[in-house]
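What the coordinates show
The chain contents come next:
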Amino acid sequence: MKKLLVILSLMLSMVAAQAKMHYRLSFNPESNNVHVELTVDGIGAGVTMLRMPVWAPGYYLILDSPQHLSHFKVTSTNGDAIPWVKVGKDGWRIQNGSRTVLNVSYDVFADRHSVGEANVTEEFAFLPGNEVYMYVDGRKDMASDVMVELPSSWSSSCSSLKPLGKNCYEARDFDELVDCPIFAGNPLIRDFEVDGKPYSLCVARPDGFDADMYVEELSRMVRAAGSLFGGKRPYDRYVFMWLEYGRGGLEHQSCQSCMAGPSMVSKDRAEHLSWMSFVSHEYYHLYNVKSIRPFELGPFDYSKENYTGQLWISEGMTCYYEDIILAHAGLCSSEELREALLDYIRSTEQTAGRKEMSMWTSSYDIWLNFFNSDANHSDVTISYYVKGPVVAFMMDLAIRNASQNRGSLDDVMRILYDRYYEQEGRGFHPEEFWAVVKEVAEGKDISDLKALEMTADEIDYDRYLGYAGLSLDRENWKFVETEKPSALQLAIRKGVFVE
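In this text the structure is predicted, and so the values were computed from the model without any measurement.

**Side note on the packing of helix α3 (residues 211-227) against helix α5 (residues 311-328)**
Interaxial distance between α3 and α5 falls to 8 Å at its minimum, and their mutual angle equals 110°. Judged by the inter-axis angle, α3 sits roughly perpendicular to α5. Seen along the crossing, α3 lies across α5 with a hand that is right-handed. Residue-level inspection shows Met-221, Ala-224 and Ala-225 of α3 in contact with α5, the latter providing Ile-325, Leu-326 and His-328. Across the contact of α3 with α5, the residue classes break down as five nonpolar, one polar and no charged.

Rendered as C-alpha cells:
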C-alpha cells in the first residue's frame, strides 16, 4: 500500500510538472477588445477554479478587472461545452470531470488609460497581465506561453517575457506572467547592451525621439543604480516600455511601463530631468520593492488588498534615490539634487495632513487614498511619495552621523538586498528593517528614526540637517551652510549630495 501511494504521488507530481497554460491573444480595435483563447493543459480531473486578479502589484487600487470580461466559454478538446458557474467576482468554477485539458475563451473590453489597465485602440494595444490572464486557483506555479496575433497594420510587439519567437513569449509561473505587460502596435524598438546584459527601449510614439541620446543616458543610469548594489542586476533582460501620452508609471521586475507626456521631446532641461527622474524611479524599484520588499508583498494574493505599513520604504525611499542615481550617473548636478530634495521638504511642510497622518498609516491606508479626491484630502492625509523621501533623507543623514560617515542608507539597502532577497528569498519584516538600520548606525539609539515612521510629529530639520552642516531657510526654501562646518559635516554633505 505504501509503495502504491509513493507511485501515485510521483505520478501526480509528474502531471503537476507538465501542467501549462497556453494563451493566444488577438484584437478587435474597433470595439476596444482583446480576445483571449486559453488552453489549460495537464490539470487534475474533477473541478477546476479559474481566477483573474482584481489588482496589479505596485498599483495599490482594487481595479476589479473581471468586470470587463465577457463571452466566457469553456469547451473540451472535441468542442463539447463544459458547464461552469461564477464564484464571487473573480472566480469561474468549471466542472471538467475526467478532462485534463480545457479550452477557455473570453473577451476583455480594454479602453482604460493607465499603466495598470488594458487599452486597445486602432493604433496599439497595452496589456498589463492583471487585466488579461487567468490562473488556476492554487496553481500559480504553472508555466505559460503567450502568442500575440497582430492586426495587419501593426508591425510588432514588445515584452520582457522570454521570447519563443516573433510575437510569442513564455513565463515560468503566473507571478512572472502578470508582471510582464505586452505592448503591440508600431513602436520604435531599440535594443542595446550594458555590460553584457540586453535591454530594449520600446517607445509607443517616437515622433522626434532621439534614441541615441536616451540609450546613452539609460546606460549610464543602469550602471549608476547597479553600483549602489555592487554591480548586481536582478534580471536577465530589461525593457523600458514608454507608452502613450498621459501620467503614471508602474514598476516590474524586468520592465517599466511609463506614460510619456506631453511629448517624448522635452522642451527644456527641467522637463528632461523630470522625465529621467521618473524613469530612474521606476528602474530603482526593481531593487526596492521587487527585490527588497516588505514581507506582505509577495507571494501575492491577487484576490484582495495586500496591506503593509512599509510602502513608505518601498516608494518614499525610491523617490529619494531617483535623483541620487542620476547624480551618480552624471546626469544631474549636486545642486539639482539639492533642489529636488528641497522640493520634497517644501511640499511636505505645505501639506496640512503631515500633522495628521504618519508614514506607517499613509502606507497602510493607500488602498483608500490612492486616488482620494475628497475636498479635505490634503488636510488629513500625507503621501509617502511626498514625505517618504524626506524621511529617507533625514535617516541617511542620521545614519552617516551615527557611524562617523562609515555607513549610510546605501548600506541599509545593500544589506536588505543581500540578506533577505538573495540569501533568504523573502521579504523583510518591520523589526528586521530597523535591526539593519541600527546595525549600520553602529548600534546607536534609533528611536527618533522609528518615530519618523510611526508618528505625525514635526520633523526636527535643524537637528538632522545639522549633521551635514546645514539649516533650512523656510522663507526662501533653501539650504543654508554652516559658517565653519566640521570635517565630518563636510564628508556627510559630500556623500549625500554626491559632490
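**Here's the deal with the nonpolar core**
The biggest cluster of nonpolar side chains holds 166 residues, and the ones touching the most others in it are Tyr-23, Phe-240, Trp-242, Tyr-283, Phe-393 and Phe-433. Beyond its immediate stretch of four places on either side in the chain, Phe-393 contacts Tyr-320, Leu-341, Ile-345, Leu-465, Phe-479, Val-496 and Phe-497.

**What to know about the layout of surface pockets**
The space that makes up the largest pocket amounts to roughly 1,300 Å³. Lining the largest pocket are 41 residues, with Arg-247, Gly-248, Gly-249, Phe-278 and Tyr-385 positioned closest to its centre. For the lining of the largest pocket, the secondary-structure elements that each account for two or more residues are β19 (249-251), β20 (255-260), α4 (269-284), α5 and α6 (334-349). The leading source of residues in the lining of the largest pocket is α4, at nine residues. For the lining of the largest pocket, a count of residues per class yields 19 nonpolar, twelve polar and ten charged. When its volume is computed, the second largest pocket comes out at roughly 990 Å³. Around the second largest pocket, the lining comprises 45 residues; the ones closest to its centre are Arg-172, Asp-175, Glu-176, Asp-179 and Gln-253. Secondary-structure elements contributing two or more residues to the lining of the second largest pocket are β13 (162-165), β14 (168-171), α2 (174-178), β19 and α11 (409-423). Per element, the largest residue contribution to the lining of the second largest pocket is three residues, and it comes from α2.

**Observations regarding the confidence of the model for the chain**
For the chain, per-residue confidence averages 94 on the pLDDT scale, and residues scoring 70 or more make up 96% of the total. In this model, residues 1-17 is a region of pLDDT below 50 whose contacts with residues beyond four sequence positions or in other chains number two contacts.

**Topic: the packing of helix α10 (residues 384-402) against helix α15 (residues 487-496)**
Two measures define how a pair of helices packs: the angle their axes make with one another and the distance between the axes. Taken N-terminus to C-terminus, the directions of α10 and α15 make an angle of 140°; their axes are 10 Å apart at the nearest point. Judged on the interaxial angle alone, α15 and α10 are oblique. Once α10 is placed against α15, the crossing between them reads as right-handed. Seen from α10, the contacting residues are Phe-393, Asp-396, Leu-397, Arg-400 and Asn-401; seen from α15, they are Leu-488, Ile-492, Gly-495 and Val-496. Partitioned by chemical class, the residues of the contact of α10 with α15 number five nonpolar, two polar and two charged.

**Notes on the state of the cysteines**
Considering all chains together, one arrives at zero disulfides under this definition. The cysteine Cys-202 is free of any disulfide, with Cys-158 supplying the nearest cysteine sulfur at 3.7 Å. No disulfide involves Cys-332; its sulfur sits 15 Å from that of Cys-319, the nearest cysteine. Classification of Cys-332 by relative accessible area gives buried; the value is 7%.

**Considerations on the packing of aromatic side chains**
In this description, a pair of aromatic rings is defined by centroid distance and the angle of the planes. All told, the structure shown has 52 aromatic pairs when counted by the stated rule. Seen from their ring centres, Phe-72 and Trp-84 are 4.8 Å apart, and the 80° between their planes marks the pair as edge-to-face. Highlighted residues: Phe-72 in strand β4 (residues 69-75) and Trp-84 in strand β5 (residues 84-87), separated in sequence by twelve residues. The aromatic ring of Trp-92 is capped on one face by Lys-86, whose charged end is 4.8 Å from the ring centroid. Lying across the ring of Phe-497, Arg-338 places its NZ or CZ 4.7 Å from the centre.

The rules behind the values
- Residues numbered from 1 in each chain as written.
- Predicted model: local features only at pLDDT ≥ 70, side-chain atom pairs only at ≥ 80, totals over all residues.
- Heavy atoms only, no water.
- Axes fitted to C-alpha atoms, helices over the stretch in contact; angles between N-to-C directions.
- Helix = DSSP H or I, 4+ residues; strand = E, 2+ residues; numbered from the N terminus.
- Parallel < 35°, antiparallel > 145°, perpendicular 65-115°, else oblique.
- Left-handed = near helix turned anticlockwise from the far one by under 90°.
- Contact = heavy atoms within 4.5 Å.
- Nonpolar A, V, L, I, M, F, W, Y, C, P; charged D, E, K, R; others polar.
- Core = buried A, V, L, I, M, F, W, Y, C linked by side-chain atoms within 4.5 Å.
- Buried < 20%, exposed > 50% of the residue type's maximum accessible area, 1.4 Å probe, protein only.
- 1 Å grid on protein atoms, 1.4 Å probe; cavity = no way out; pocket = protein on both sides within 12 Å on 5 of 7 lines; lining within 4 Å.
- Points joined across faces, edges and corners; volume = space filled by probe spheres on them.
- pLDDT = per-residue confidence, 0-100.
- Disulfide = S-S within 2.5 Å.
- Phe/Tyr/Trp six-rings, centres within 6.5 Å; stacked < 30°, edge-to-face > 60°.
- Lys NZ or Arg CZ within 6 Å of the ring centre and 35° of its normal.

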